[in-house]
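Residues per chain are reported as follows:
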Amino acid sequence: MSQQAAPVKKIQILGINMNTQPQLSEDTDQLFRAIGRVVVQFQLLELWVAEALSSKLSMTSETDRHLISAAMSYRQKVDLLFELYARHGQPSSSFNQVIAKKALVTAEEFRNRIVHSLWSVKGEPRQWVRTKANLRGRDGFVLRASPAQTTLLEEAASAMTRVRAWEEGNESALNEAIRLLSSQETDA
């Protein structure tokens, strides 16, 4: 005797009824745009890393950066690029490898926190909330929830734009981006 699962009609935790077309409020539209901007800014950053790596490897084909992206994770690309900088020269004399690499890694960590969070409508009054579960810490399972803050997500997307200029060696801009992206662990 086989049992079939009933189709999902309502996801209780999200506060969204799947049977009706939800009327998206201005807050919802702004939040979705801000999350999307974070994701796209990170994609551009990852493409920029692949472009720098293909240039450092003297790979000149237009598809080389896509080949690199397909073959390696973001962290592997960053690690290889910075190993090549250490062995074969940096982009400029004002370039600080430690700060630049930290900015690139922090951007990925922030993007991961945003993408792997649950965004849902909760409470009274109804509001968007970011919920993040963590099972790996020394405290065991931790569940954090905080109101979604669109302005912080917009600031983070702008910080990722500054990180994309890591090769220019602007330490103050990179340090500010690192500070902003790191400080939003539970805020965004």
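Parameters at a glance
- What you see as residue numbers is a count from 1 along each chain, following the sequence as written.
- The predicted nature of this model means local features are confined to residues of pLDDT at least 70 and side-chain atom pairs, given and counted, to a pLDDT of 80 or more, with totals for whole chains, interfaces and linings taken over all residues.
- Each side-chain value is derived from all of the structure's non-hydrogen atoms; neither hydrogens nor water enter the calculation.
- Only DSSP runs of H or I with at least four residues qualify as helices, and only runs of E with at least two residues qualify as strands; both kinds are numbered from the N terminus onward.
- Each residue's exposure class comes from its accessible area (1.4 Å probe, protein chains only) as a fraction of the maximum for that residue type: buried when under 20%, exposed when over 50%, partly exposed otherwise.
- Per-residue and other accessible areas follow the Shrake-Rupley method at a 1.4 Å probe size, with only the shown protein chains counted as cover for residues.
- Throughout this description, the term nonpolar core refers to a set of buried Ala, Val, Leu, Ile, Met, Phe, Trp, Tyr and Cys residues connected via side-chain atoms within 4.5 Å.
- The rule is short: rings of Phe, Tyr and Trp, with Trp giving its six-membered ring, pair when the centres are within 6.5 Å, and they are stacked under 30 degrees, edge-to-face over 60, tilted in between.
- Think of a patch as exposed residues, more than 30% relative accessible area, with no salt bridge, where like charges cluster within 9 Å and nonpolar side chains (Val, Leu, Ile, Met, Phe, Trp, Tyr) cluster within 5 Å.
- When a carboxyl oxygen of Asp or Glu is within 4 Å of a side-chain nitrogen of Lys or Arg, the pair counts as a salt bridge.

Engineer: Could you give me a rundown of the overall build of the protein, with the residues and numbers involved?
Structural biologist: Across its full length, the protein carries six helices and five strands. Shown N-terminal to C-terminal, the secondary structure of the protein runs as helices and strands in the order β-β-α-α-α-α-β-β-β-α-α. For the protein, with 188 residues in total, the buried portion stands at 32%. Accessible surface computed for the protein: about 11600 Å², of which carbon and sulfur atoms make up 51%.

Engineer: Break down the nonpolar core for me, with residues and values.
Structural biologist: By size, the foremost hydrophobic cluster in this structure holds 40 residues, and its most contacted members are Phe82, Leu104, Leu153 and Trp166. For this core, the secondary structure elements donating two or more residues are helix H1 (26-56), helix H3 (74-88), helix H4 (97-115), strand E3 (118-122), helix H5 (150-163) and helix H6 (171-183). The element that contributes the greatest number of residues to this core is H1, accounting for ten residues.

Engineer: Outline the environment of Val40, supporting the account with residue identities and numerical values.
Structural biologist: Along the polypeptide, Val40 turns up in helix H1. Given the relative accessible area of 40%, Val40 is considered partly exposed.

Engineer: Explain the packing of aromatic side chains to me, and be specific about the residues and the numbers.
Structural biologist: In total, this model carries five aromatic pairs according to the counting rule given. Ring geometry for Phe32 versus Trp128: centroids 5.4 Å apart, planes at 65°, classification edge-to-face. Of this pair, Phe32 sits in helix H1 while Trp128 sits in strand E4 (residues 127-134), and the two are 96 residues apart along the sequence. Note on Phe82 and Tyr85: the rings are 5.2 Å apart at their centroids and 80° apart in plane angle, and the pair reads as edge-to-face.

Engineer: I'd like a description of a nonpolar patch on the surface, backed by residues and values.
Structural biologist: A contiguous nonpolar surface patch, about 370 Å² in accessible area, is contributed by Leu135, Phe141 and Leu143. Residue position: Leu143 is located in strand E5 (residues 142-147). By relative accessible area, which is 54% here, Leu143 ends up exposed.

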